[in-house]
Amino acid sequence: MADANTPEPSVVPPACARVSNPIHEERHLRVICIGAGASGLLLAYKLQRSFENFDLVLYEKNGGISGTWYENKYPGCTCDVPSHVYTWSFEPSTSWSSVYASSDEIQKYFENFAAKYDLNKYCKLKHEVSKAVWNEAKRRWEVEIHNLVDGTTVHDTCNILVNAGGVLNSWRWPDIEGLDKYKGILLHTARWDSSVDLNGKHVGLIGNGSSGIQVLPAIHSEARKITTFICGSTWVSPVQGVDQRVYTVEERHVTSPDPKGRNRSYTVDVLLLLHYAKCHGDCRAYFFDAIRSIFIFFFCAMNLLRSLFPLS
């Protein structure tokens, strides 16, 4: 038995227990991610690729993955970034049908990505995170999730909480007096009802932002009449050489996998831009020099690029 002069053994609080372990000792981590869109899927891919001692769950409120590309299905919905650039650098796609891909194509890209790397096992669909509180005593997040299928509430905890819910899904109707008394069909681009037939109908289109600009030309041949309501002009600067169009067979060949097994699509955006741009030759030469000055690895590709697409 210790006497009065024996010091009490030091007790390390549970929250600080790691200080007594080796510096590189891995601890098991539970990670919760809100959303299974582009950011959530990328998180799942990188955790699976680089780590082992973890649990991960992606709570997704929708009935499928892909985030904004699952939700946005209005007529003419496309990405405003050229298709071959709107991919992860390690996962290029050679199947894009046009310069700016439709929402359906982009959704398919993410679904194929999740299937290829077996990421769906981390996803819980139709589960909406409604509350998250940090518990300082336990050093964990306490998360409340609403099961949208049966209405039950799920309680979960984690070490790391990632918000990948995005900013494009918090939509609302415009604050227009009497809108709730409107007797016609109400459609919102963020919750488009594809079953509605616009043929022969008079359509009122509110707004001329990025969605309105896409909807108008997509429905103009379908609706009998369209009346647009706008607050001011929208100015769009055209991008030289990357106008929207469907790719030809020859262009798809440029982006297709090399017969020897090498994938060439990592430079396809540059190749197509330089080949089909309608700008002056001096401007194209300027782009070449600018690219070379920024990306050293383009030096090795310059001879190939010049042989495929001469400046003259």
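Please refer to the structure higher up on the page.
These notes cover the structure that comes with them. On a predicted model such as this, the values are computed, not experimentally measured, just so you know.

**Some thoughts on the pairing of strand 1 (residues 29-34)**
Strand direction decides the pairing type here: strand 1 and strand 2 (residues 54-60), joined by 6 bridges, are parallel. Paired with C33 across the strands is L58, a residue of strand 2. Once you follow strand 1 into helix 1 (residues 38-50) and on to strand 2, the crossover reads as right-handed. Bridge analysis of strand 1 against strand 7 (residues 160-163) gives 4 bridges, and the strand direction is parallel. Directly across from V31, in strand 7, lies its bridge partner I160.

**Quick notes on the packing of aromatic side chains**
Throughout the structure, instances matching the rule amount to 15 aromatic pairs. Taken together, the ring pairs connect Y45, W88, F90, W96, Y109, F110, F113 and Y117 into an aromatic cluster.

**Quick look at the sheet that holds strand 7**
Taken in spatial order, the 4 strands line up as 3-2-1-7 in an open sheet, and their pairing is parallel. Edge strands, defined here as strands with exactly one partner in the open sheet, are strand 3 (123-125) and strand 7. Direction aside, neighbouring strands of the sheet carry axes that sit 20 degrees apart on average. Along the sheet, helix 1 makes contact with strand 1, strand 2 and strand 7, crossing strand 2 at roughly 165 degrees.

**Quick look at the sheet that holds strand 5 (residues 140-147)**
Where strands meet in a sheet, backbone hydrogen bonds hold them as pairs that are either parallel or antiparallel. Across the sheet, 3 strands lie side by side as 4-5-6; this open sheet has antiparallel pairing. Edge positions in the open sheet fall to strand 4 (127-135) and strand 6 (153-158), since each of these has one partner strand only. On average, each strand axis in the sheet is tilted by 20 degrees relative to the strand beside it, whichever way the strands run. Alignment of strand 5 against strand 6, held across 6 bridges, turns out to be antiparallel. When the sheet's bridge partners are listed, E144 is paired in strand 6 with H155.

**Brief notes about the layout of surface pockets**
Rolled over the atoms, a probe as big as a water molecule pinpoints where empty space is left. Reported here for the second largest pocket is a volume of approximately 490 Å³. G35, A164, G165, G166 and N169 are, among the 27 residues lining the second largest pocket, the residues nearest its centre. Of all the secondary structure elements, the ones that give two or more residues to the lining of the second largest pocket are helix 1, strand 2, helix 2 (68-71) and strand 4. Broken down by class, the residue content of the lining of the second largest pocket amounts to 11 nonpolar, 12 polar and 4 charged.

Calculation notes
Residues numbered from 1 in each chain as written. Predicted model: local features only at pLDDT ≥ 70, side-chain atom pairs only at ≥ 80, totals over all residues. Heavy atoms only, no water. Pairing = 2+ DSSP bridges. Helix = DSSP H or I, 4+ residues; strand = E, 2+ residues; numbered from the N terminus. Right-handed = clockwise from strand over helix to strand, strands pointing away. Phe/Tyr/Trp six-rings, centres within 6.5 Å; stacked < 30°, edge-to-face > 60°. Axes fitted to C-alpha atoms, helices over the stretch in contact; angles between N-to-C directions. Contact = heavy atoms within 4.5 Å. 1 Å grid on protein atoms, 1.4 Å probe; cavity = no way out; pocket = protein on both sides within 12 Å on 5 of 7 lines; lining within 4 Å. Points joined across faces, edges and corners; volume = space filled by probe spheres on them. Nonpolar A, V, L, I, M, F, W, Y, C, P; charged D, E, K, R; others polar.

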